[in-house]
Amino acid sequence: MKRNLWAVLLMALLLSACGGSSGPTYTLGDLEIPALPTEEEPKMDVYGVGDAYVRTYTQFTEVETILPDYVTMLIEEYGFQTVTKALMTCPAPTEYGPEGDIYLGIPLGKGEDEDEDEKEEKDEKDEKDGDDGETKEEKTILLEIVWSPEDCVVVSSIIPGPITETVNTVQVDAAQQYLEGMSPSDLGLSGASMAEYEVFAEDGGALVDGQRCLRFNVYQGSKVEDGSVFMGTYFISMDGKHLYQLDLDTNQVAKLADPELPTEEEDGEAAESSEASQEDAEKDAKDKKDKKEEKKDKKDKKEDKDEKEEKDDKEEDRDKDDEDDAASRMGVHEE
């Protein structure tokens, strides 16, 4: 019954997108799209100056039943792409379980009507902004849907950086560990160790010197505690070969180092070897577990046997005592 309701509501939204009856919508920058097909009014929270809108549904508990059609509609009708948190393209899910998350992105401005002259002028300006080591002001509308049996959260935001095709790229964790392992002086910071600082990977990225980069912010002290101090922004190119620092006053970037961080392909080879080792480790663990369980079974059986023998002995002693008592009473009666 619920599946039929979702289908009816989704069809209504599709008709709305084609100029039919109106329905609930999400406004994402310059773009308006149909909202998830539910009559529930979500709880709305806004973070920053309209930077992120968080809509929480608590009664919409079977989101996975309508997500395949909803995601397909956003891709085919509105031009969204399924992306990673770092705005790299990725395949759309083939299955949707009772809980999960998905990111959908579209370039900011794609929803605007531009003639060819305006588009050419914009492209020239964007190309110029990318010169002299400045960050290119491309932004992306990011729609994140997180669902579980308890609730569904829809986060819409506009973040810096364009959507890029998936290539062999450095892993976010590897890049973050590289920064955390550096000397503070190499990052223009004070102190003897990066243990005094916290490094956070930020959503989105930027183009620096024509390189697609991951963005990291560094704080002195804990970001979650009062009193933490923002110390700077750093970029690591997706090929893992360039480290930049952003000057917040001039919006200029300077190259700090040329690391050689492993990319996804290299990590994949390492992961393949690691996977084989992991399989061996899992097999060893399973063998040990089986032996342990076998030993435990033997022990349990022995304990059961001992307990049964003890019980039989007690019953035999009790029967013997009863017989002795009976014989004693008969002897007294005969006298």
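Note that this is a predicted model, so its numbers are computed, not measured.

With that out of the way, let us pick up helix α2 (residues 67–78). Between the first and last C-alpha of α2 there are 15 Å, a value that for twelve residues agrees with the 16 Å anticipated at 1.5 Å per step. Every buried residue of α2 is accounted for by Leu-67, Tyr-70, Val-71, Met-73, Leu-74 and Tyr-78. Looking straight down α2, one finds its buried side chains confined to an arc of 155°; they lie on one side. Opposite its buried face, α2 presents the exposed residues Asp-69 and Glu-76, each directed more than 90 degrees away. Taken from the residues just after α2, Gly-79 is the one with a positive phi, measuring 85°.

Taken in spatial order, the six strands of this open sheet run β3-β4-β8-β7-β6-β5, and their pairing is antiparallel. Because the sheet does not close on itself, it has two edges, and the strands there are β3 (43–47) and β5 (81–83). With strand direction ignored, the average angle separating the axes of adjacent strands in the sheet is 25°. As paired strands, strand β7 (residues 139–147) and strand β8 (residues 152–160) are joined by nine bridges and run antiparallel to one another. Looking at the pairing, Ile-145 lines up with Val-154 of β8.

Definitions and limits used
- All chains use their own residue numbering, which begins from 1 and follows the written sequence.
- The predicted nature of this model means local features are confined to residues of pLDDT at least 70 and side-chain atom pairs, given and counted, to a pLDDT of 80 or more, with totals for whole chains, interfaces and linings taken over all residues.
- Derived side-chain values reflect all non-hydrogen atoms in the structure, with water molecules and hydrogen atoms excluded from consideration.
- Segments assigned H or I by DSSP are reported as helices when at least four residues long, segments assigned E as strands when at least two residues long, and all are numbered from the N terminus.
- A helix is expected to span 1.5 Å for every residue after the first.
- The rule is simple: take the accessible area with a 1.4 Å probe, protein chains only, and divide by the maximum for that residue type; under 20% is buried, over 50% is exposed, in between is partly exposed.
- Each C-beta atom gives one direction from the helix axis, and the arc is the one those directions make.
- A pair of strands is labelled paired if DSSP reports no fewer than 2 bridges between them.
- Between N-to-C directions, angles cover 0 to 180 degrees, with each direction set by a line fitted to C-alpha atoms, over the stretch in contact for helices.

Spatial relationships are all this shows, so hold off on functional conclusions.
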